[in-house]
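Remarks on the overall topology
Residue-level listing of the chains:
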Amino acid sequence: VQLQASGGGLVQAGGSLRLSCAASGRTFSYYAMGWFRQAPGKERECVASITRNGVITYYPDSVKGRFTITRDNAKNTVYLQMNSLKPEDTAVYYCAARNTLIATFTSQHSYDYPHWGQGTLVTVSS
């Protein structure tokens, strides 16, 4: 699968952005998906993940209540709605995918995802 992330940009603190990740192929519904971010000098971290069918999601405490991951399997796309953005959310955001037969699989670990998009930069100004 090939992944194409988009939707990044410059936003003021308190603002919102919606990231999209479009996947190629006809088997998107077999992929668990995740959104990760990496700020300069920091490790890559998961900000959201979602199961194949979208039923189960995961968020770390740092974004819980502000970020929402959803997916549209008919459009081969996963989204990350980011609200109440903070300067510390500034990072390059990546989408990631893992083909799995397990409907309940979701992971916040980058090593669980073999497929990665190119990243989209989100800059939040104070």
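Residues numbered from 1 in each chain as written. Predicted model: local features only at pLDDT ≥ 70, side-chain atom pairs only at ≥ 80, totals over all residues. Heavy atoms only, no water.

**Thoughts on the sheet that holds strand β8 (residues 77-82)**
As a reminder, the rule being used: Note on pairing: DSSP must find at least two bridges between two strands before they are called paired. The numbering of helices and of strands both runs from the N terminus, where a helix is a DSSP run of H or I of at least 4 residues and a strand a run of E of at least 2. Angular values range over 0 to 180 degrees, each being the angle between N-to-C directions of two axes fitted as lines to C-alpha atoms, with helices fitted over their stretch in contact.
Ordered in space as β1-β3-β8-β7, the four strands form an open sheet in which the pairing is antiparallel. Two strands lie at the open edges of the sheet, namely β1 (3-6) and β7 (67-72), each paired on one side alone. Adjacent strand axes in the sheet meet at a mean angle of 15 degrees when their direction is disregarded.

**Focus: the pattern of salt bridges**
What counts is decided by this rule: A pairing counts as a salt bridge when a side-chain nitrogen of Lys or Arg comes within 4 Å of a carboxyl oxygen of Asp or Glu. Only protein chains enter the accessibility calculation, which uses a 1.4 Å probe. A residue is then buried if its area is under 20% of the maximum for its type, exposed if over 50%, and partly exposed in between.
On inspection of all chains with the given rule, the structure shows four salt bridges. Between E45 and R37 there is a salt bridge, and its shortest N-O distance comes to 2.6 Å. We note a salt bridge from R66 to D89, for which the minimum N-O separation is 2.7 Å. Note that R66 is positioned in the loop between β6 (57-58) and β7 and D89 in the loop between β8 and β9 (91-99), a separation of 23 residues in sequence. Residue class for R66 comes out buried when judged on its relative accessible area of 10%. Three or more residues are tied together by salt bridges with common partners; here these are R37, E45, R66 and D89.

**A look at the nonpolar core**
Basically, it comes down to this: Nonpolar cores are built from buried Ala, Val, Leu, Ile, Met, Phe, Trp, Tyr and Cys residues. Side-chain atoms within 4.5 Å join them into one set. Throughout, a contact is declared for two residues whenever any of their heavy atoms are within 4.5 Å.
By size, the foremost hydrophobic cluster in this structure holds 29 residues, and its most contacted members are M33, W35, L80, M82 and Y93. Those elements that provide at least two residues to this core are β1, β3 (17-23), β4 (31-38), β5 (45-50), β7, β8, β9 and β11 (120-125). Discounting chain neighbours no more than four positions away, the residues touching Y93 are L19, W35, F36, R37, V47, F67, L80, M82, G119, T120 and V122.

**Some thoughts on the state of the cysteines**
Working definition of a disulfide: a covalent bond connecting the sulfur atoms of two cysteines. For the record, the criterion: By definition, disulfides here are pairs of cysteine sulfur atoms that lie within 2.5 Å.
Taken as a whole and judged by the stated rule, the model has one disulfide. Here C21 engages in a disulfide with C95; their sulfurs sit 2.1 Å apart. Classification of the bridge connecting C21 and C95 rests on its S-S torsion, roughly 60 degrees, and on that basis the disulfide is right-handed. Pair noted here: C21 is in strand β3 and C95 is in strand β9, with a separation of 74 residues, a long-range link. Relative accessible area serves as the criterion here: at 0%, C21 is assigned to the buried category. Free cysteine: C46, not disulfide-bonded; nearest cysteine sulfur from C95 at 12 Å.

**Remarks on unusual backbone geometry**
The phi angle of most residues is negative, glycine excepted, and most peptide bonds adopt the trans form. A positive phi angle, close to 55 degrees, is found at N76, a residue other than glycine. Following the sequence through the fold, N76 ends up in the loop between β7 and β8. Note on N76: relative accessible area 16%, which makes it buried. Backbone geometry places S84, a non-glycine residue, at a positive phi of 50 degrees. With respect to the secondary-structure elements, S84 resides in the loop between β8 and β9.

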